[in-house]
Amino acid sequence: MSTTRAVTPQPNRYLAFVVRSLLAAFCWWLISEGRMDSWVVGVPAVLAAVAFSLCLQPATHYRLSLSGLVAFWWFFTRQSLLAGMDVTRRILSPEMPIQPGEVTLELHLPEGAPRWLLAMTLSLLPGTLSVRLSGNSLVLHCLDVGEPIEVDVLNAERRVAAVFGWSGVDLITREQNL
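**Thoughts on the overall build of the protein**
Here's step 1: Scanning the protein from terminus to terminus reveals six helices and three strands.
Here's step 2: For the protein, the N- to C-terminal ordering of α and β elements is α-α-α-β-α-β-β-α-α.
Here's step 3: Expressed as a percentage of the 178 residues in the protein, the buried residues total 27%.
Here's step 4: Within the protein, contacts between residues separated by at least 24 positions form 70% of all contacts whose residues are at least 6 apart in sequence.
Here's step 5: Here the protein displays about 12,000 Å² of accessible surface, and carbon together with sulfur accounts for 65% of that area.

Have a look at this one:
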């Protein structure tokens with residue numbers, strides 16, 4: 001009788017080093033306005049930044065999807081504008097129609113980068129603030145707990161899943177395997 005184990009892909013540290021180095025070097029190039037003489041300081045700064053980056057956030061096995069990133073950018077920009085207008089409308093209204101409070105939600109994303117991206121995304125959207133991320137749950141402070149918060153968070157989870165190349169079906173499968 002043979003047993004099969006699920007194989008978890010191992011992170012590629014070399015690829016992580018190269019990608020982070022290229023991103024840091026590009027940022028340095030932008031900051032220095034393309035001046036070649038700045039690389040005397042830039043190379044050590046880039047290497048130090050990448051080393052700290054790898055110490056603080058080691059390479060993971062997650063792969064990003066370009067189409068998911070573009071869709072996420074559009075979702076985040078649109079939601080930021082809509083939520084900002086909604087918060088402004090509520091605060092400027094004489095009745096001030098808000099019901100602030102906290103909601104604890106069960107998450108479907110796997111631990112690590114996907115959950116952190118979701119928590120940070122929700123904190124950056126107007127009207128919500130991630131309070132605590134613990135295990136499979138997220139405590140979220142909301143400007144109006146009367147709104148369909150669970151639906152909005154599930155939609156954000158699907159957008160974050162797309163960043164990592166997963167579909168909504170993958171979320172359901174991952175939840176059943178937890």
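**Topic: unusual backbone geometry**
Here's step 1: Even without a glycine there, the phi angle at Glu33 is positive, about 55°.
Here's step 2: Tracing the sequence through the fold places Glu33 in the loop between α1 (13-31) and α2 (39-56).
Here's step 3: In this model, Met96 sits at a positive phi of 45°, which is unusual for a non-glycine residue.
Here's step 4: For Met96, the location among the structural elements is in the loop between α3 (66-92) and β1 (101-106).
Here's step 5: Of the residues examined, Met96 reaches a relative accessible area of 40% and is grouped as partly exposed.

**Focus on a nonpolar patch on the surface**
Here's step 1: Taken together, the side chains of Leu64, Leu66, Leu69 and Val70 present a nonpolar region at the surface, about 400 Å² in accessible area.
Here's step 2: For Leu69, the location among the structural elements is in helix α3.
Here's step 3: Under the relative-accessibility criterion, Leu69 is labelled partly exposed at 37%.

**Quick look at the nonpolar core**
Here's step 1: Judged by nonpolar contacts, the single largest core of 22 residues is most densely connected at Leu118, Leu122, Leu140 and Ile149.
Here's step 2: Elements represented by at least two residues in this core include exactly α3, β1, α4 (113-124), β3 (137-142) and α5 (149-163).
Here's step 3: Setting aside residues no more than four positions away along its own chain, Leu118 makes contact with Leu107, Leu109, Val153, Ala156, Glu157 and Val160.

**Here we look at the packing of α1 against α2**
Here's step 1: Where α1 meets α2, the closest approach of the two axes is 9 Å, and the angle between their N-to-C directions is 140°. Judged on the interaxial angle alone, α2 and α1 are oblique. Classified by chirality, the crossing of α2 by α1 is right-handed. Of the residues in α2, those touching α1 at Ala16, Phe17, Arg20, Ser21, Ala24, Ala25, Trp28 and Trp29 are Trp39, Val41, Gly42, Ala45, Val46, Leu47, Val50, Ser53 and Leu54.
Here's step 2: Grouping the constituent residues of the contact of α1 with α2 by class yields 13 nonpolar, three polar and one charged.

**Comments concerning the sheet that holds strand β2 (residues 128-134)**
Pairing between sheet strands relies on hydrogen bonds along the backbone, with the strands arranged either parallel or antiparallel.
Here's step 1: The sheet built from three strands is open, its strands ordered β1-β3-β2 with antiparallel pairing. Strands at the two margins of the open sheet, each flanked by one partner only, are β1 and β2. Between one strand axis and the next, the sheet turns by 25° as a mean value, whatever way the strands run.
Here's step 2: In this structure, β1 lies alongside β3, joined through six bridges in antiparallel fashion. The residue bridging Glu102 from the neighbouring strand is His141, located in β3.
Here's step 3: Seen against the sheet, α4 touches β2 and β3 and runs at an angle of roughly 155° to β2.
Here's step 4: Sheet strands in contact with α5 are β1 and β3, and its direction is about 50° off that of β1.

About the thresholds
- Residues numbered from 1 in each chain as written.
- Predicted model: local features only at pLDDT ≥ 70, side-chain atom pairs only at ≥ 80, totals over all residues.
- Heavy atoms only, no water.
- Helix = DSSP H or I, 4+ residues; strand = E, 2+ residues; numbered from the N terminus.
- Buried < 20%, exposed > 50% of the residue type's maximum accessible area, 1.4 Å probe, protein only.
- Contact = heavy atoms within 4.5 Å.
- Areas by Shrake-Rupley, 256 points an atom, 1.4 Å probe, with all protein chains shown as cover.
- Patch = residues over 30% accessible without salt bridge, like charges linked within 9 Å, V, L, I, M, F, W, Y side chains within 5 Å.
- Salt bridge = Lys/Arg side-chain N within 4 Å of Asp/Glu carboxyl O.
- Core = buried A, V, L, I, M, F, W, Y, C linked by side-chain atoms within 4.5 Å.
- Axes fitted to C-alpha atoms, helices over the stretch in contact; angles between N-to-C directions.
- Parallel < 35°, antiparallel > 145°, perpendicular 65-115°, else oblique.
- Left-handed = near helix turned anticlockwise from the far one by under 90°.
- Nonpolar A, V, L, I, M, F, W, Y, C, P; charged D, E, K, R; others polar.
- Pairing = 2+ DSSP bridges.

By themselves, these are just geometric observations and shouldn't be taken as functional.
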